[in-house]
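# Tertiary structure, described
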Amino acid sequence: MSSELKVYRLGVCLYPGCTVTDFQGPVEFFGLFNTVNRKLFAALYKKLPDAVIEIEYLSHNMEPITPTQGPKILPSMTFKQGLETDFDILLTPGGIPRPSEAPPDIVEFLKAKGPKTEYVLSVCTGSWFLAAAGLLQGKRATTNKALYKVIVEDTKDLNITWVPKARWVVNDDKHIWTASGVTAGMDLAHAFLTHLFDKSFADEVKAIVEFRTTDDAEEDEFATYYGLV
């Protein structure tokens, strides 16, 4: 790898009962030009950025994680190890358990590392974990529309501006990015790559993945479906 390449370290925060597509969708965008894949797929790009995104998968221990569906997932490090690791980006997926029902390590990790990490991303009910870690106080955010009212009620004392209609929300300081349910994570990933590099490269990745992203952050059809607007 060239010494001129910037390395962004991404930590994916996993737990039993997480939803695979919540993180795997964005990972398809982010991992497509890591150190190995940029060599394999270089011919597909018009111009690769002078950067790679390297991904670690964290959990409360090194045992295989059973998600809501799909095969078991093998973490690459524990949250305890992650506390000693410098990350540029953190990504938290949603899933079945409430933050209070998941291993406490994930909330403690987010609480410790979130403020020091340049970018913190969540998909679906992953924003519930960010809220539990105190990262959304005074912030705008969104979440899964099917559980939107439950999460808003649960966090009503935390000074969070929940945005019901948004497909994804990014705050002005670009620190916190939150997406609506499941596949909205891929829309967020496209928008995030646009911010990190530029839209032309984000569109190249989108074309390789062949995903029809929604470019309008403020328009989520499922907000209407669930009677939120």
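The rules we used
- Residues numbered from 1 in each chain as written.
- Predicted model: local features only at pLDDT ≥ 70, side-chain atom pairs only at ≥ 80, totals over all residues.
- Heavy atoms only, no water.
- Pairing = 2+ DSSP bridges.
- Helix = DSSP H or I, 4+ residues; strand = E, 2+ residues; numbered from the N terminus.
- Contact = heavy atoms within 4.5 Å.
- Axes fitted to C-alpha atoms, helices over the stretch in contact; angles between N-to-C directions.
- Core = buried A, V, L, I, M, F, W, Y, C linked by side-chain atoms within 4.5 Å.
- Buried < 20%, exposed > 50% of the residue type's maximum accessible area, 1.4 Å probe, protein only.
- Left-handed = near helix turned anticlockwise from the far one by under 90°.
- Nonpolar A, V, L, I, M, F, W, Y, C, P; charged D, E, K, R; others polar.
- UniProt positions renumbered as here; feature names shortened; annotations may be inferred.
- Salt bridge = Lys/Arg side-chain N within 4 Å of Asp/Glu carboxyl O.

For the rest of this paragraph, the subject is the sheet that holds strand S9 (residues 176-179). Strands sit in the order S3-S2-S1-S4-S5-S9-S8 across an open sheet of seven strands; the sheet is mixed. At either end of the open sheet lies a strand with only one pairing partner, and these are strand S3 (77-78) and strand S8 (168-170). Of the strand pairs in this sheet, strand S4 (residues 89-92) and strand S5 (residues 119-123) are connected by four bridges, and their pairing is parallel. Bridge pairing links Leu91 to Leu121 in S5. Against the sheet, helix H1 (residues 20-30) contacts strand S1 (6-13), strand S2 (51-59), S4 and S5, and its axis sits at roughly 160° relative to S2. Of the strands in this sheet, S1, S2 and S4 are in contact with helix H4 (residues 105-113), which crosses S4 at around 150°.

For the rest of this paragraph, the subject is the nonpolar core. Grouped together as the largest cluster of nonpolar side chains are 67 residues, with contacts concentrated most on Phe30, Ile53, Ile106, Leu110 and Leu121. At eight residues, the largest contribution of residues to this core is made by helix H7 (residues 184-196). With near-sequence residues (within four places) excluded, Leu121 lies in contact with Phe30, Ile89, Leu90, Leu91, Thr92, Trp177, Leu188 and Phe192.

Turning our attention to the packing of H7 against helix H8 (residues 199-209). Between H7 and H8, whose axes approach to 7 Å, the crossing angle comes to 145°. The element H7 and its partner H8 pack so that their crossing is right-handed. On H8, the residues that touch Met186, His190, Leu193 and Thr194 of H7 are Lys199, Ala202, Asp203, Val205, Lys206 and Val209. For the contact of H7 with H8, the per-class residue count stands at five nonpolar, two polar and three charged.

Quick look at the pairing of S1 now. With eight bridges joining them, S1 and S2 adopt parallel strand pairing. Each bridged residue has a counterpart across the sheet, and for Leu10 the counterpart in S2 is Ile55. Across three bridges, the pairing between S1 and S4 is parallel. Counted as the bridge partner of Val12 is Leu91 from S4.

Okay, the UniProt feature "domain: DJ-1/PfpI" (unreviewed entry) in the chain next. With numbering aligned to this structure, UniProt lists the feature "domain: DJ-1/PfpI" (unreviewed entry) at residues 43-193. When the span residues 43-193 is considered, its composition is 25% helix and 21% strand, and the gap between its end C-alpha atoms is 19 Å.

Here we take up the pattern of salt bridges. Evaluated as defined, the whole model comprises eleven salt bridges. A salt bridge links Arg167 to Asp220, with the nearest nitrogen and oxygen atoms 3.8 Å apart. In this pair, Arg167 is assigned in the loop between strand S7 (161-162) and S8 and Asp220 in the loop between H8 and helix H9 (221-225), connecting sequence segments 53 residues apart. As far as burial versus exposure is concerned, Arg167 and Asp220 are alike and both buried. Between Asp203 and Lys199 there is a salt bridge; the shortest N-O distance is 2.9 Å.

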